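Topology and contacts: notes
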Amino acid sequence: MVHPVVLDVDTGVDDACALLLAARHPDLELRAVTCVGGNAAVDQVVANTLTVLDAAGRPDVVVARGAERPLLEEAADARHVHGLDGMGDLDWPRSTRRADPRHAVEVLRDVLLEAALGRADDRVTLVPLAPLTNIALLLRTYPEVARGLRQVVFMGGAVDAGNATASAEFNVFHDPEAAAIVLDACADLDLPVTMYGLDVFYQPRVTREQAQTLIDTGNRGPAELAGRLIAFQCERVGADSATIGDAGAVCAVLEPSGVARRRLPLRVELAGTWSRGRTIVDRRDQATDLSHDPHGQSRVSADVCLEVDGDAYARLWLDTVRPDSVMPDTVEPGTRARDAVDQAQR
Ligand code: RIB
Ligand code: CA
């Protein structure tokens, strides 16, 4: 079965790993990529995203520029992690393409409303891998897009330790209000949500040797870029292997059985001196009496990924970025809308 997907990214070394997987896997139909400020400023994110899609051989994929900054906070990038250009300073040839003239929120609306016209298996899986600013704006402005959505699988949050702070994961830390709004909207709109957080994020790993094999394929292709992204991370932290990061959330769409998830009540901490942006996952025994708790139980729940088969996901990623991997069939822009109208008229 082919899964229609849209990625929302802040590319980002590991967003780049995710884009390579989503652009190249034949069981995914990548309908658009939307960009938001996060790891780098949004214009840099757009440039990085176009560059990765070119390397992946997918210049057909629509890319749109979204929010520059969080809803409330000032933007605070993570170039200390991802390099000055946000993508490992690889000196990779830059794309000459431009983003779609529409705002990311308008592209998301258009793609999802088009999906809502089609059959049930045409519904899109939305995969946010970045601060949730665009998605919060989308779901509050155009809640009707829920008809075109199958599920939301987002990288963000953590049950255990954070990374941006001791408590908070970067994507949620960067725009906590947006994350809280998205979870609230998903509860309102009855949309299934999977949280692929830091508890599983670091476990699918690729070694330096594997990265070198990819780099040796050369030709500025997807495999070489994939290898260079992993090598950059190994170099940065002085390790023999590195995570595929956000790509793991895409793996969770492709191979859902590779993660163990539990449906758990979830909140985003919006106050707190040292804990703002933390995801509070309620792992208490819900069968016990919680009536003494003045905060009660969150009305929002998500399928929280607690364990991952890291080797399986790393293998899936490696197999897909290899130069001889089978590419997805591409669909000409506008074809789906025409087909849906034809079908409705029949
Ligand atoms: O916190 C994990 C996140 O940080 C990911 O989305 C990744 O892009 C990294 O910046
Ligand atoms: Ca990201």
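Everything quoted here is computed from the prediction, not taken from an experiment.

Quick notes on empty space enclosed by the protein
- Evaluation of the coordinates by the stated rule reveals 1 cavity of 30 Å³ or more.
- In this structure, the largest cavity spans a volume of roughly 40 Å³.
- Residue lining of the largest cavity: Leu 132, Phe 154, Val 172, Ala 179, Val 182, Leu 183, Val 268 and Thr 279, and that is the complete set.

Describing the sheet that holds strand β7 (residues 193-196)
- The strand order β4-β3-β2-β1-β5-β6-β7-β12-β10-β11 describes an open sheet built from 10 strands, whose pairing is mixed. At either end of the open sheet lies a strand with only one pairing partner, and these are β4 (100-103) and β11 (279-281). For this sheet the average axis-to-axis angle between neighbouring strands, irrespective of direction, equals 35 degrees.
- Two elements, β7 and strand β12 (residues 301-308), share 2 bridges in a ladder whose sense is parallel. Note that in β12 the partner of Thr 194 across the bridge is Asp 303.
- Those strands touched by helix α11 (residues 247-254) are β1 (3-9), β2 (28-35), β5 (124-128), β6 (149-155), β7 and β10 (259-268), and its axis lies near 160 degrees from that of β5.

Looking at the coordination of the calcium ion (ligand 2)
- Surrounding the calcium ion (ligand 2) are the protein donor atoms Asp 10 (OD), Asp 15 (OD), Asp 15 (OD), Leu 129 (O) and Asp 246 (OD), which sit 2.2 to 2.6 Å from the metal.
- Positions of the donor residues of the calcium ion (ligand 2), expressed as sequence spacing, correspond to D-x4-D-x113-L-x116-D. Pair check on accessibility: Asp 10 and Asp 15 agree, each one buried.

Basis of the calculations
- Residues numbered from 1 in each chain as written.
- Chains lettered and ligands numbered in written order.
- Predicted model: local features only at pLDDT ≥ 70, side-chain atom pairs only at ≥ 80, totals over all residues.
- Heavy atoms only, no water.
- 1 Å grid on protein atoms, 1.4 Å probe; cavity = no way out; pocket = protein on both sides within 12 Å on 5 of 7 lines; lining within 4 Å.
- Points joined across faces, edges and corners; volume = space filled by probe spheres on them.
- Pairing = 2+ DSSP bridges.
- Helix = DSSP H or I, 4+ residues; strand = E, 2+ residues; numbered from the N terminus.
- Axes fitted to C-alpha atoms, helices over the stretch in contact; angles between N-to-C directions.
- Contact = heavy atoms within 4.5 Å.
- Donors = N, O, S within 2.8 Å, 3.2 Å for Na, K, Ca; no water.
- Buried < 20%, exposed > 50% of the residue type's maximum accessible area, 1.4 Å probe, protein only.

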